[in-house]
Structures are given as C-alpha cells and as structure tokens.
Amino acid sequence: MFRCVLFAAAFALMTSSSSVAAHVVSTSWGKTTAGEEVQLFTLSRGAGLEVQVTNYGGIIVAVKVPDKKGVVADVVLGFDTLEPYLGKHPHFGCITGRYANRIGGASFQIDGVQHEVTANSGKHHIHGGKEAFDKKVWKARVLEDEVAVELSYTSADGEEGFPGKLDCTVTYTVTPEQELKIEYRATTDKATVVNLTNHSYFNLAGEGSGDILGHELTIPAETFTATDDALIPTGEIVSLVDTALDFTTPHLIGERIGTNYKPLIQGKGYDHNYVLPGSGIKLAARAKDPKSGRVMEVHTSDPAVQLYTGNHLKGVKGKAGHVYEARHGFCLETQKYPDSPNKPQFPSAVVRPGEPYLHTTIFKFYAE
C-alpha cells in the first residue's frame, strides 16, 4: 500500500500540467474465492471527473461528477466492496464479452462451420456466457504517460464455446477534457465473433437517488433492430420515428415508457438496439438530469447502442445501503447489432487473424 501511494504521488508530479495534479492510485481490493488478488484503480485529474475501475471483470465501480453547483455525486450503480461483485448481480459496470447482448439459439456459423456457445438465457446466449469476461481477473498495467489503466485477458480457444484464442486489451483513460475513454482491442488466431461493451448503469442524479424517469434523453437514431418475444432480432431494421422509441429529439425517459406500444411492452420498458447513423466516432446518446444539470454524452465507433432502463432490477442492495429497484438506472451499451453472427444483412462481427477488433467509446460529462 505504501509503495502504491508513493507511486501515485510521483506520477501526479510527473503528469501535472497545471496546479491541479493528475494521478492514478492503485490499491488492493481483496481476493476472489479462488484466491486471486484484485486491485482497484482511481483515475483523476484532480478536479471534476473521478473514475474507479477494478481489474475484476473490468468493472467501473464509481464515476464521480460535479453538478451545476459543484456538488459531486457517484453516478453509477454498484457496490462498495468486491464481495457482492463476485456473486450474481445485474452486470453492474462490467466488460461484457466475448459477445455482448444476444446470440439466437446459442449457435452460429463461420465459413460453414457450426459453433455452439453457452445457452445462458433460455435456449439463447447472452453477454458471453456463464463465466464470461465479467468474471475474470484481468492483468492490469498503469500507463504512466496518461491517466489510464490497461487491462488484458486471454480467452482460450473454446471458452464458452467460442472459437479461437482471443487476446483482449481494454484501456480506461480520464482525458483532460473530463471524458472517460474506453478503448477495446482484440486479436485472434482463428476466425471468431467479438462484441465487447461496458454495462454500467447510470443515474445522473446520483446512484441511490431513485428512478431515472425524469432524465432527458436524446439518441440520434431513426431505426432499430426489431426483435421477437425473446428479444432476438428478426433481421428487420424498422423505423422508430414518431413512436415511443423515438429520441431523435429530447424526451424524458419516463414520458412514454408506459405506452401501449408492442416493442416497448415486449421489453417491459426500454431494452432496444438503436442503429446509429454515420461512421467513425459519432454521438450515440445524450442524457441529462434536469435537476442537477449533469449531462453525459456517449460517443462511439460502433454501429449501435442498446438502451436498457434497468427493467429487471429488484431489491438489489447497493452502495451505502441503497436499494436499487426497476428503472433506478439506465444503460447505454455501445455495440455490434445483437445476433449479428446469424444475420448476414447486419454489419459483420467476425474477427479474423491479422484483422484486429477495435472499438472506442467516450463518455463525456459536464453540467449546465
């Protein structure tokens, strides 16, 4: 611990470009049931945004942001200690993979070869399987020339049924612009499918402050991937303009969540994949808590974003004894389309040797 503190102090002096020091602090955060050491990293530039990340599951444990009056609150749902993360929880803050979201029938073909992956959502696959990336201890390395930590994990050929040895790195950076930048990279020795994202639940009023129905949301998407009753895409890309899914102009999340609209009822709230226009790194969503003035913009290189309004949260005891119920947090999961491995008309999620998987998502925070 003493060495960690000394390192953080020295790093702060080296990286400070003003009177406000930037730093990364690493501390021991306990052990898994198998005895693996887990670390907690605090990333800060000394004012404004502070982020805590653990190398267990790459979980974002805390994101602390000031409001328009300068009052700081933690805006992600989760737990105060490692132990609850080791058990079953609703994917709070974690890296989801190898394949985030759903694969219909828990199977797919690549080059005519059939692959069966873990069926952990009825007969379907979701979020990488039973012991997926969210349950792994990742190797961690502090990047000394940035306010960043790089996590790495090698997924063995056949893990959860996926082909190919996959070498993954996920880098979390707090930028000078008060952004949290997440960069994903993966390489494989066999053709496989990859779809990595972060599954943080946000409440810009502060975690534990109640529901997020009063948040104002904008998503610049005019279409979404239609699904069946198991939330597996049918293959159709459907207009959402002038429906309860339409956030092309700002709407409160709770404004139409109870509307008698079949795609909305199906997910018991929002749980939909929005098809983003444009290419490169682009705006995926903008959320605002009108009372505190906190704003979060999400920018991504991926082609879609899943809006999920915490519909299935129920009595989860979180930070400071707060109890999280349905719609107490929302997720904006940047991603490939769900079930892309079985939908040739969707953008491909196949990754091949010599063709690395790359994905960048940026969460920008400010108050107004």
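Residues numbered from 1 in each chain as written. Predicted model: local features only at pLDDT ≥ 70, side-chain atom pairs only at ≥ 80, totals over all residues. Heavy atoms only, no water.

### Focus on the pairing of strand 18 (residues 223-227)
Then step 1. Here strand 18 runs beside strand 19 (residues 233-239); their pairing, made up of 4 bridges, is antiparallel. In the sheet register, T227 faces strand 19, and the bridge partner there is P233.
Then step 2. Connecting strand 18 to the next strand, strand 19, in antiparallel fashion are 5 residues, including L231 with a positive phi near 65°.
Then step 3. Two strands pair when backbone bridges link them, and strand 18 and strand 21 (residues 271-275) are joined in this way by 2 bridges, in the antiparallel orientation. Within the sheet, the bridge partner assigned to F224 lies in strand 21 and is Y274. (Pairing = 2+ DSSP bridges. Helix = DSSP H or I, 4+ residues; strand = E, 2+ residues; numbered from the N terminus.)

### A look at the sheet that holds strand 2 (residues 37-44)
Then step 1. Taken in spatial order, the 5 strands of this open sheet run 1-2-3-4-5, and their pairing is antiparallel. Two strands close off the open sheet at either side, each with one partner strand: strand 1 (23-31) and strand 5 (72-74). Averaged over all pairs of adjacent strands, the angle between strand axes in this sheet comes to 15°, irrespective of strand direction.
Then step 2. The pairing of strand 4 (residues 60-66) with strand 5 spans 3 bridges and is classified as antiparallel. Within strand 5, the residue paired with V65 across the bridge is A73. (Axes fitted to C-alpha atoms, helices over the stretch in contact; angles between N-to-C directions.)

### Some thoughts on the confidence of the model for the protein
Then step 1. Per-residue pLDDT for the protein averages 94, and the proportion of residues at 70 or more is 95%.
Then step 2. Contacts for the low-pLDDT stretch residues 1-19, under 50 throughout, to residues beyond four places or in other chains number 23 contacts. (pLDDT = per-residue confidence, 0-100. Contact = heavy atoms within 4.5 Å.)

### Thoughts on the pattern of salt bridges
Then step 1. The final tally for this structure, using the stated rule, is 12 salt bridges.
Then step 2. Here R102 ties to D271 by a salt bridge, and the two come within 3.9 Å at their closest N and O atoms. With R102 in strand 7 (residues 102-103) and D271 in strand 21, this pair connects stretches of sequence that are 169 residues apart. As far as burial versus exposure is concerned, R102 and D271 are alike and both buried.
Then step 3. Between K343 and D339 there is a salt bridge; the shortest N-O distance is 2.5 Å. (Salt bridge = Lys/Arg side-chain N within 4 Å of Asp/Glu carboxyl O. Buried < 20%, exposed > 50% of the residue type's maximum accessible area, 1.4 Å probe, protein only.)

### Let's talk about the packing of aromatic side chains
Then step 1. Under the counting rule described, the total for this entry stands at 14 aromatic pairs.
Then step 2. Taking 5.8 Å as the distance between ring centres and 90° as the angle between the ring planes, the aromatic pair formed by F92 and Y324 counts as edge-to-face. Of this pair, F92 sits in the loop between helix 2 (82-86) and strand 6 (95-96) while Y324 sits in strand 26 (residues 323-324), and the two are 232 residues apart along the sequence. Side by side, F92 and Y324 carry an identical accessibility label, which is buried.
Then step 3. When the ring of F133 is compared with that of W138, the centres are 5.7 Å apart and the planes differ by 85°; the resulting orientation is edge-to-face. Residue F133 shares its accessibility class with W138, and that shared class is buried.
Then step 4. Each residue in the set W29, F79, Y85, F92, Y201, Y308 and Y324 is aromatic and connected to the rest through ring pairs, giving one cluster.
Then step 5. Lying over the aromatic face of F247, R256 brings its terminal NZ or CZ to 4.9 Å of the ring centre. (Phe/Tyr/Trp six-rings, centres within 6.5 Å; stacked < 30°, edge-to-face > 60°. Lys NZ or Arg CZ within 6 Å of the ring centre and 35° of its normal.)

### Observations concerning unusual backbone geometry
A negative phi angle characterises most non-glycine residues, just as the trans form characterises most peptide bonds.
Then step 1. With an omega of 10°, the peptide bond between G97 and R98 qualifies as cis.
Then step 2. Looking at where R98 falls in the secondary structure, it is placed in the loop between strand 6 and strand 7.
Then step 3. With a phi angle near 60°, H91 is a residue other than glycine that sits in the positive phi range.
Then step 4. Among the secondary structure elements, H91 is positioned in the loop between helix 2 and strand 6.

### Details of the layout of surface pockets
Then step 1. Taken as a whole, the largest pocket encloses approximately 700 Å³ of empty space.
Then step 2. H89, P90, H91, I126 and H127 are, among the 28 residues lining the largest pocket, the residues nearest its centre.
Then step 3. In terms of residue class, the lining of the largest pocket is made up of 8 nonpolar, 12 polar and 8 charged. (1 Å grid on protein atoms, 1.4 Å probe; cavity = no way out; pocket = protein on both sides within 12 Å on 5 of 7 lines; lining within 4 Å. Points joined across faces, edges and corners; volume = space filled by probe spheres on them. Nonpolar A, V, L, I, M, F, W, Y, C, P; charged D, E, K, R; others polar.)

### Structural notes on empty space enclosed by the protein
Then step 1. For the coordinates displayed, the defined rule picks out 2 cavities of 30 Å³ or more.
Then step 2. Of the volumes computed, that of the largest cavity is approximately 70 Å³.
Then step 3. As for the largest cavity, its lining consists of N101, R102, F224, T225, T227, L231, P233, D271, H272, N273, Q306 and P338.
Then step 4. Those elements giving two or more residues to the lining of the largest cavity turn out to be strand 18 and strand 21.
Then step 5. Computed from the structure, the second largest cavity encloses a volume of approximately 30 Å³.
Then step 6. In terms of lining residues, the second largest cavity is bounded by R98, G128, E131, A132, F133, S155, E159, E160 and F162.
Then step 7. Considering only residue class, the lining of the second largest cavity consists of 3 nonpolar, 2 polar and 4 charged.

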